[in-house]
Amino acid sequence: MTLGLLLYGNWEMSFEHLVFHKAWVNGQWTESNSGKTFAVVDPASGHELARVPDLDAQDTRNAINVADQAFKSWKNQTAKERFQLLKNWHQLIIDNQPALAELMTMESGKPLTESMDEVLYGASFIEWFAEQGKRIDGDVIQTPSSDRRIITLKQPVGVCAAITPWNFPLAMITRKCAPALAVGCTVVIKPAEATPLTALALAKLAQDAGIPDGVVNVVTASHGKEVGEELTRNPIIKKISFTGSTPVGKLLMKQSADTVKKVSMELGGNAPFIVFDDADIDAAVQGAVTSKYRNTGQTCVCANRILVQEGVYEEFVTKFADAVSNLAVGPGTNPDVAIGPVINQAALNKIQGLVDDALNRGAKTLVGGTTHELGGNFFQPTVLAGVTSDMRVAKEEIFGPIAPVFTFKDDQEAIELANDTEFGLASYFYSNNLPRVWKVAEQLEYGMVGLNVGIIANEVAPFGGIKESGLGREGSKYGVDDYLELKYMCLGGL
Ligand code: NAP
């Protein structure tokens, strides 16, 4: 396969064997019926990397029908057989870690070390759910009448749709597909327009692992809307799992209502990162840098608002600004880089608009504040001080390397500021006062709370939000629930 890999001069690439230029349906490389294709672009250079087929509603319907056929036999394999195939898939992903990471960095701009981490993180869901799949048990329930017995069964829901974003091109797919496959469902994946190549590589590795054709299908498309309509309105699809923005999530929920599908929604966030006056300030600075600037500030759980108690404000802000000014910016393919490009020009314009709005309303720039001298989609890691609740950075998901810093007086004000948003995904705070830790954690209206830690996601913990950040949980022992139907059987006449 050829790709515009040539663009990387002396960088040695190892991923050509994982670059595919077609959609993946029924275990075969597939063109779009229309013959249309779209470009996959490197956000660091702006160069076209590849073209992939631009599938439409009819193509999507075909993939759904294929997944429906495959479901008839996949659901009847034993959990142990599925376990073994998923373990094979997990191992192939681990074996291909550098190649997958490079591919991901090329199409998403994510710094290479983070892409390496994402491969392991994404693979961990496959291993975890392979194991969990063997432990899906029903119950025998105490009967209210002696001539009856009450039994429950858990069965796979059927064909599932996974619609995923570009910011975690691998892990958002495995976090959905691993539980689905482990319990006997089949999947149709619609990856983001920006990052279809990682999804296609994953699907091919699934086939290499022995997972039967039709169980995993990847529908590449440049406009989510048409494909999304088919995935949400087609009655064969029994469950939609979506990770992306809150407005699109709301639309998909509405569209899914007519066929009463199960829905899981992993949506946007506006995470508070609170530093109390009894915190270990150096640890808080480190945690804030990691939480805020991971993936160039483009994760749903990135610290969006940094709230610092008045007594430690000067110390925290001085150390934080110093740490941020030392972050290296450049193409993600450079292993020393901490901050890559943002995903595209629209994202760059949006974050510049957020910074300008804050400065116009009285905030001050401590670090950065504008586009980077590298040009293109590079933005300077930025710290804004003197930020207030009326500014757009306080209300909107920033999704870029901008850290707005606020101050607060006491615990009550911190909690009110933190909860003053329609979002409820991740939150963080630093404190060494145990009663305070307990009380604040209870009052934060968020699905996840990081206590003295800036990174909280892993395969064993339930990931998800409340309020307008979503529905359902991914990962952990709870992550299979949304892919199962609970059936109750009443055996009478005994
Ligand atoms: P997005 O615009 O909502 O897109 C996400 C996915 O939905 C993409 O595959 C996109 O396809 C597709 N899509 C867009 N419009 C659609 C429609 N009308 N019907 C069906 N599908 C549609 O979000 P994004 O910009 O890619 O990702 C960033 C967002 O994801 C942020 O809000 C972030 O917080 C959220 N996120 C949440 C989590 C979580 O776990 N809660 C994790 C990661 C990201 P196209 O690419 O083709 O438009």
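Just above, that's the structure.
Residue positions are given per chain, counted from 1 along the sequence in the order it is written. Predicted model: local features are reported for residues with pLDDT of at least 70 only, side-chain atom pairs are reported and counted for 80 or more only, and whole-chain, interface and lining totals are derived from all residues. Think of the side-chain values as coming from all heavy atoms in the structure, minus any hydrogens and water.

Q: Lay out the overall build of the protein in plain terms, naming residues and giving numbers.
A: Helix numbers and strand numbers start at the N terminus; a helix is a DSSP run of H or I with at least 4 residues, a strand a run of E with at least 2. Helix and strand content of the protein: 14 helices and 20 strands. Against the compact-globule benchmark of 23 Å for 494 residues, the protein has a radius of gyration of 23 Å, which places it among compact chains. Counting only C-alpha atoms and orienting by the principal axes, one finds that the protein spans roughly 75 × 65 × 40 Å. When a residue's accessible area, from a 1.4 Å probe over protein chains only, is under 20% of the maximum for its type it is buried; when over 50% it is exposed; and in between it is partly exposed. Counting every position in the protein, which comprises 494 residues, the buried fraction comes to 56%. What the globule rule says is 2.2 Å times the number of residues to the power 0.38, and the radius of gyration is computed from C-alpha atoms.

Q: Give me the lowdown on the layout of surface pockets, citing residues and values where you can.
A: Reported here for the largest pocket is a volume of approximately 1100 Å³. Using a 1 Å grid laid over the protein atoms alone, points where a 1.4 Å probe fits but cannot get out form a cavity; open sets with protein on both sides within 12 Å along at least 5 of 7 lines form a pocket; any residue with an atom within 4 Å of a point counts as lining. Taken together, 47 residues make up the lining of the largest pocket; nearest its centre are Pro-165, Trp-166, Gly-244, Ser-245 and Val-248. Counting residues per element, the ones that place at least two in the lining of the largest pocket are helix 5 (171-182), helix 7 (224-233), strand 10 (237-243), helix 8 (246-257) and helix 11 (345-360). Residue composition of the lining of the largest pocket, by class: 22 nonpolar, 14 polar and 11 charged. Grid points are joined across faces, edges and corners, and a volume is the space filled by probe spheres set on the points. In this structure, the second largest pocket occupies an estimated 350 Å³ of space. Of all the elements in the fold, those that place two or more residues in the lining of the second largest pocket are helix 4 (112-133) and helix 9 (281-293). All residues other than Ala, Val, Leu, Ile, Met, Phe, Trp, Tyr, Cys, Pro, Asp, Glu, Lys and Arg, Gly among them, are scored as polar; the first ten of these are nonpolar and the last four charged. A per-class count over the lining of the second largest pocket returns 8 nonpolar, 2 polar and 5 charged. Marked domain ranges trace back to an automatic or database domain assignment. Here the lining of the second largest pocket spans two domains, and each of domain 1 (2-267 + 469-488) and domain 2 (271-458) adds at least three residues to it.

Q: An account of the packing of aromatic side chains is needed here, citing residue identities and associated values.
A: Centre distance and the angle of the planes are the two values used to describe a pair of aromatic rings. Ring geometry is summarised as follows: Phe, Tyr and Trp rings, the Trp one being its six-membered ring, pair when their centres sit within 6.5 Å, and such pairs are stacked at plane angles under 30 degrees, edge-to-face over 60 and tilted between the two. Following the criterion strictly, the structure yields 10 aromatic pairs and no others. When the ring of Phe-276 is compared with that of Phe-429, the centres are 5.9 Å apart and the planes differ by 85 degrees; the resulting orientation is edge-to-face. Taken together, the residues span a long stretch of sequence, with Phe-276 in the loop between strand 12 (271-275) and helix 9 and Phe-429 in strand 17 (residues 426-430) at a distance of 153 residues. Here the aromatic rings of Phe-316 and Phe-320 are separated by 5.3 Å at their centres, their planes lie at 20 degrees, and the arrangement is stacked. Taken as a pair, Phe-316 and Phe-320 lie in helix 10 (residues 313-325) at a separation of 4 residues, close to a single helical turn. Site record: aromatic cluster; members linked through ring pairs are Phe-20, Trp-24 and Trp-29. To sit over a ring, a charge needs its Lys NZ or Arg CZ within 6 Å of the ring centre and within 35 degrees of the ring normal. Lying across the ring of Phe-168, Lys-110 places its NZ or CZ 3.9 Å from the centre.

Q: Quick one: what's the story with the packing of helix 2 (residues 79-95) against helix 6 (residues 196-208), residue by residue and with numbers?
A: Axis definition: a line fitted to C-alpha atoms, limited for helices to the stretch in contact. Angles are taken between N-to-C directions and run from 0 to 180 degrees. Following both chains from N to C, one finds helix 2 and helix 6 inclined at 130 degrees, their axes separated by 8 Å at the closest point. The pairing of helix 2 with helix 6 is recorded here as oblique in orientation. Remark: the crossing between helix 2 and helix 6 carries right-handed chirality. Each of Trp-89, Leu-92 and Ile-93 in helix 2 lies in contact with helix 6, whose residues at this interface are Leu-202, Leu-205, Ala-206 and Asp-208. Classifying every residue of the contact of helix 2 with helix 6 by side-chain character gives 6 nonpolar, no polar and 1 charged. Each angle is binned into one of four classes, with values under 35 degrees roughly parallel, values over 145 roughly antiparallel, values of 65 to 115 roughly perpendicular, and all other values oblique. By the definition used in this description, the sense in which the near helix is turned from the far one sets the handedness, with an anticlockwise turn below a right angle giving left-handed and a clockwise turn giving right-handed. In what follows, residue pairs with any heavy atoms lying within 4.5 Å of each other are defined as contacts.

Q: Explain the site of the ligand to me, using residue names and the numbers behind them.
A: Contacts to the ligand come from 31 residues, most closely from Thr-164, Lys-190, Ser-245, Leu-267 and Glu-397. Two N or O atoms count as a polar contact when they lie within 3.5 Å, although within protein this holds only if one can serve as hydrogen donor and the other as acceptor, and sequence-adjacent residues are included solely when both atoms are side-chain atoms. Residue Arg-175 places a side-chain N or O atom 2.9 Å away from an oxygen atom belonging to the ligand. Here an oxygen atom of the ligand and a side-chain polar atom of Ser-245 are 2.6 Å apart. Protein contact buries 87% of the 890 Å² of open area that the ligand shows by itself. A single heavy atom is enough: if one lies within 4 Å of a molecule or strand, its residue is considered near that molecule or strand. A 1.4 Å probe and the Shrake-Rupley method give the accessible areas. Residues count as covered only by the protein chains that appear here.

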